[in-house]
Amino acid sequence: MIKTNSTHHIALSKALIQLETDMYQDGIWPNEEPAEHDLKNAMESAVPFAVDCLAFESWLAFIFIPKMRVLLSHEQPLPPMQITPAAEIYLSSANQRTLSQLQRIDNIANGNIG
C-alpha cells in the first residue's frame, strides 16, 4: 500500500474527477443509479468488480469512485490496484479516454504519479 501522501491523494482525487468526465464523454456513464438491493448485493459480491451484480460501468460509477472518495477523505493509504486489465475486457476499445484514465489511476495507486 502507498502510505498516506498528499501528492498521491491529490493526484487520485483529480484522476477520479477526470474519470467521471471521461466516462460521460465516452457515453458509458450509467443513466440510472442501481436499485439499493443491487448495490448491496454488489458490495457483498465475491466476484471481482461485482460483475455478477452490476455492469462494470455501474461498478465504477457507484462503487469504485465513491469508495475511493471516502478513502481519500479519511486520508487512508491507497491500495495497490490493477483495474485496467478488467476494464479492457468489459469496456469497448472505443472507450479509450476511460481506459487511459483507469491506467492513470492504477499508476497513481501503485506509486507512479509521473
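Okay, so let's go over this structure. (Residues numbered from 1 in each chain as written. Predicted model: local features only at pLDDT ≥ 70, side-chain atom pairs only at ≥ 80, totals over all residues. Heavy atoms only, no water.)

Per the secondary structure count, the chain includes 5 helices and 0 strands. Put simply, the chain runs from its N terminus to its C terminus through helices and strands in the order α-α-α-α-α. Taken over C-alpha atoms, the radius of gyration comes to 14 Å for the chain, in line with the 13 Å a tight globule of 114 residues would show. In terms of its C-alpha atoms, the chain occupies a principal-axis envelope of roughly 35 × 30 × 20 Å. Out of the 114 residues in the chain, the part that is buried amounts to 43%. Accessible surface, the chain: about 6,400 Å² in total, of which carbon and sulfur atoms supply 51%. (Helix = DSSP H or I, 4+ residues; strand = E, 2+ residues; numbered from the N terminus. Rg over C-alpha atoms; globule rule 2.2 N^0.38 Å. Buried < 20%, exposed > 50% of the residue type's maximum accessible area, 1.4 Å probe, protein only. Areas by Shrake-Rupley, 256 points an atom, 1.4 Å probe, with all protein chains shown as cover.)

Below, the discussion takes up the packing of helix 1 (residues 6-25) against helix 3 (residues 56-73). Taken N-terminus to C-terminus, the directions of helix 1 and helix 3 make an angle of 160 degrees; their axes are 11 Å apart at the nearest point. By the angle class used here, helix 1 and helix 3 are roughly antiparallel. Relative to helix 3, the crossing made by helix 1 is left-handed. Residue-level contacts link His9, Leu12, Ser13, Leu16, Ile17, Leu19, Glu20 and Met23 of helix 1 to Glu57, Leu60, Ala61, Phe64, Ile65, Met68, Arg69 and Leu72 of helix 3. Partitioning the contact of helix 1 with helix 3 into residue classes produces 11 nonpolar, 2 polar and 3 charged. (Axes fitted to C-alpha atoms, helices over the stretch in contact; angles between N-to-C directions. Parallel < 35°, antiparallel > 145°, perpendicular 65-115°, else oblique. Left-handed = near helix turned anticlockwise from the far one by under 90°. Contact = heavy atoms within 4.5 Å. Nonpolar A, V, L, I, M, F, W, Y, C, P; charged D, E, K, R; others polar.)

This part takes up the packing of aromatic side chains. The way to describe two aromatic rings as a pair is by their centre distance and the angle between their planes. Tallied over the full model, the rule gives 7 aromatic pairs. With a centroid separation of 5.6 Å and an interplanar angle of 70 degrees, the aromatic rings of Phe49 and Phe56 are classed as edge-to-face. Pairwise contacts between aromatic rings join Phe49, Phe56, Trp59, Phe64 and Tyr90 into one cluster. (Phe/Tyr/Trp six-rings, centres within 6.5 Å; stacked < 30°, edge-to-face > 60°.)

A word on unusual backbone geometry. Phi at Ala50 takes a positive value of approximately 50 degrees, unusual for a residue other than glycine. Turning to its location among the elements, Ala50 is positioned in the loop between helix 2 (36-44) and helix 3. Residues other than glycine seldom take positive phi values, yet Glu75 does so here, at roughly 55 degrees. Examined against the element boundaries, Glu75 turns out to sit in the loop between helix 3 and helix 4 (84-90). For Glu75, a relative accessible area of 55% gives the class exposed.

The next subject is helix 5 (residues 96-109). Between its first and last C-alpha, helix 5 extends 20 Å over 14 residues, near the 20 Å set by a 1.5 Å rise per residue. By the burial criterion, the buried members of helix 5 are Thr98, Leu99, Gln101, Leu102, Ile105, Asp106, Ile108 and Ala109. Buried-residue contacts for helix 5 involve helix 1, helix 3 and helix 4. At the exit of helix 5 stands Gly111, carrying a positive phi of roughly 100 degrees. (Expected span 1.5 Å × (residues − 1).)

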